[in-house]
Amino acid sequence: MEQLYNSQNEIQAVLSPQLQENIAVIEALFQNCDDIVKKQFVLQRAEGTTSVYMVYVDGLTDSDMVQEYVIRPLLWRESDASKDIFQEFFQSKIDMADIAEEASFDKAVNRIMMGDTVLFIDGYARVITISSKKLPVRSIQESETEAVMRGPRDSFNESLRTGTALIRRRIKDPKCKIEQNKFGQRSRTDYALVYMEDLVEQNVLDEVRNQLETYETDAIYDSGMLEHFMNQKWYSPFPVIQSTERPDKVASSLLEGRVAIIVDNSPEVLLLPATFNTFFQASDDYYNQWSVATFARILRYVASILAIGLPGFYVAITSFHLEMLPTELLLAIARARSAITFPVVLEVLLMELEFELLREAGIRLPGPMGNTIGIVGGLIVGQAAVEAGLVSTIVVIVVALAALASFTIPNESFASAYRLLKFFLIIVSAVWGLYGFILGMLLLAIHLSGMTSYGIPYMTPAVSTGTGEYESRKDFILRLPIYLMRKRPVFTKEGERIRMRRR
């Protein structure tokens, strides 16, 4: 079995004009693979008989289609002696439009594993491949992670072809290019590189292609694994590649000159370049009135500051700088902590870890049970901790407000960075007080300011990019009316940034 493969895990055998030799290779390759359907039958032709060997995977192939449009025409239609058998198959024998010829054994087997049907014909060192896929995928549903009040409800599923179709449905322009390739020596997972030919920056596109060709591995099962191979800033908790399940967001990003990567078996599509601002943009920001969208955008930015900084700020003030608090608030905190024996930092860490445990438990448990865990944890466990004297009521409010604020960030991977860095600020605030809190926030700002995503500064448009930052600020904290956003952002190729003009 091993001698059939080379060091790159490719099949070394070559197609032979002798059908029995090809059958022997197929039998060796698919030994103990009971889901592989193999059938040999004989065609009656004027000059004699011809043997045909058919192979496909049960469960990945539409067997009814194969029976109706492949086997039945082959066995019941009369042969044309004036035609070569391959020519006859393509023109009159097989009632399928998507058929092709393949001369590589490795590629032929790969087509079988993708759900296609392959015909080996005696006397020919090539095969006929027939597109007959019927992959087990879920239907198009509404996104649960990026729900909107207004806008389309469809989302990507695990099918690569469904993903490309949802994009084509929105962008009916032949300049929208879709380059398909594979990643993983054993999984051979299909992925598609999608971009607008006239809008994308060529250097960004070249860099993405190079990154996809730099590494090789056994398998990838989700776009998140592919993102790890592409993200060179592994030390940063902030993502430089955006992920989404919404086709309208992908289509909008493509028309801004960004690149999308769709990975088979994954409902998450990768978008790049990505900046700090893009993670705060939600789809319904562009479907609601600009004033409502601006208010929501401001609320998200304020909530992000509370999510990352509120617990650390509370620890710094109550541990080192009580003189900064108003007298009434100071007395209220003193009364709340009168029966608490733990230091403030342990209180906050205890409650933060409890909320993280409840959050993780809610994700892992089935939907209704997960919601129940969240309610029970938030109400009963929190109240019990206060009555037991483990934490004060003010700490519960602070931690709950920070957790609630983190839920307003539209992107989960970006919100996870805030959840992680929140503990960093709590620790430095417990050690150095308000000076530690300010130092931690300053280090965070320096880190973000030094990051780039495929040549675009991560903090665009808060920092200058040299060109186009004015237009980007129209869709920053304030989301101006769409008819005022006449130029595309800095992702777009120079000279192609006009997207709207009056007739």
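You'll find the structure just up there.
Predicted, not measured: the structure shown is a model, and the values here were computed from it.

What counts, and at which threshold
- Residues numbered from 1 in each chain as written.
- Predicted model: local features only at pLDDT ≥ 70, side-chain atom pairs only at ≥ 80, totals over all residues.
- Heavy atoms only, no water.
- Axes fitted to C-alpha atoms, helices over the stretch in contact; angles between N-to-C directions.
- Helix = DSSP H or I, 4+ residues; strand = E, 2+ residues; numbered from the N terminus.
- Parallel < 35°, antiparallel > 145°, perpendicular 65-115°, else oblique.
- Left-handed = near helix turned anticlockwise from the far one by under 90°.
- Contact = heavy atoms within 4.5 Å.
- Nonpolar A, V, L, I, M, F, W, Y, C, P; charged D, E, K, R; others polar.
- Core = buried A, V, L, I, M, F, W, Y, C linked by side-chain atoms within 4.5 Å.
- Buried < 20%, exposed > 50% of the residue type's maximum accessible area, 1.4 Å probe, protein only.
- Pairing = 2+ DSSP bridges.
- Salt bridge = Lys/Arg side-chain N within 4 Å of Asp/Glu carboxyl O.
- Phe/Tyr/Trp six-rings, centres within 6.5 Å; stacked < 30°, edge-to-face > 60°.

## Quick notes on the packing of helix α5 (residues 160-170) against helix α8 (residues 247-254)
Reasoning step 1: Interhelical geometry of α5 versus α8 gives an angle of 60 degrees and a closest axis separation of 9 Å. When the axis of α5 is compared with that of α8, the two are oblique. Where α5 crosses over α8, the two elements pack in a sense that is right-handed. Packed against α5, whose contacting residues are Leu166, Ile167 and Arg170, the element α8 presents Pro247, Asp248, Val250, Ala251 and Leu254 at the interface.
Reasoning step 2: Taken together, the residues that form the contact of α5 with α8 break down as 6 nonpolar, no polar and 2 charged.

## A short note on the nonpolar core
Reasoning step 1: Counting residues in hydrophobic clusters, the biggest one holds 61 residues, and the most contacted among them are Val208, Met230, Phe238, Ile261, Phe276, Phe414 and Tyr458.
Reasoning step 2: A per-element tally of this core places helix α14 (residues 412-449) first, with 12 residues.
Reasoning step 3: Ignoring any residue separated from it by four or fewer positions in sequence, one finds Phe414 in contact with Phe238, Pro239, Phe276, Phe279, Phe280, Ile409 and Tyr458.
Reasoning step 4: Val25, Leu29, Ala108 and Val127 belong to the second-largest nonpolar core, a separate cluster that totals 21 residues.

## Section: the pairing of strand β6 (residues 176-183)
Reasoning step 1: Of the pairings in the sheet, the one linking β6 to strand β7 (residues 189-196) comprises 8 bridges and is antiparallel in character. Looking at the pairing, Cys176 lines up with Met196 of β7.
Reasoning step 2: Two successive antiparallel strands, β6 and β7, enclose a turn made up of 5 residues, where Gly184 displays a positive phi of approximately 105 degrees.

## Observations concerning the pattern of salt bridges
Reasoning step 1: Overall, the coordinates contain 26 salt bridges when judged by the stated rule.
Reasoning step 2: In this structure, Lys422 engages Glu356 in a salt bridge whose closest nitrogen and oxygen atoms are separated by 4.0 Å. On the criterion of sequence distance, the pair formed by Lys422 in helix α14 and Glu356 in helix α11 (residues 344-364) is long-range, its members being 66 residues apart. By the burial criterion, Lys422 is buried, and Glu356 matches it.
Reasoning step 3: Bridged by salt links that share partners, the residues Glu352, Glu356, Arg359, Glu412, Arg419 and Lys422 form one connected network.

## Focus on the packing of aromatic side chains
Reasoning step 1: Under the criterion given, the structure shown has 15 aromatic pairs.
Reasoning step 2: Ring centres 6.4 Å apart and planes at 45 degrees place the aromatic pair Phe276 and Tyr301 in the tilted group. Placement of Phe276 in the loop between β10 (269-272) and α9 (290-320) and of Tyr301 in helix α9 is noted, with a sequence separation of 25 residues between them.
Reasoning step 3: The class for Phe276 is buried, based on a relative accessible area of 10%.
Reasoning step 4: Owing to a relative accessible area of 10%, Tyr301 belongs among the buried residues under this scheme.
Reasoning step 5: Three or more aromatic residues joined by ring pairs make a cluster, and in this case those are Phe238, Phe276, Phe279, Phe280, Tyr301, Phe414, Tyr418 and Phe476.

## A closer look at the environment of Gly450
Reasoning step 1: Tracing the backbone through its elements, the reader meets Gly450 in the loop between α14 and β11 (452-453).
Reasoning step 2: By relative accessible area, which is 59% here, Gly450 ends up exposed.
Reasoning step 3: As a C-alpha pair, Gly450 and Thr214 span 236 residues in sequence and 25 Å in three-dimensional space.

Function cannot be read off these values alone, since they describe shape.
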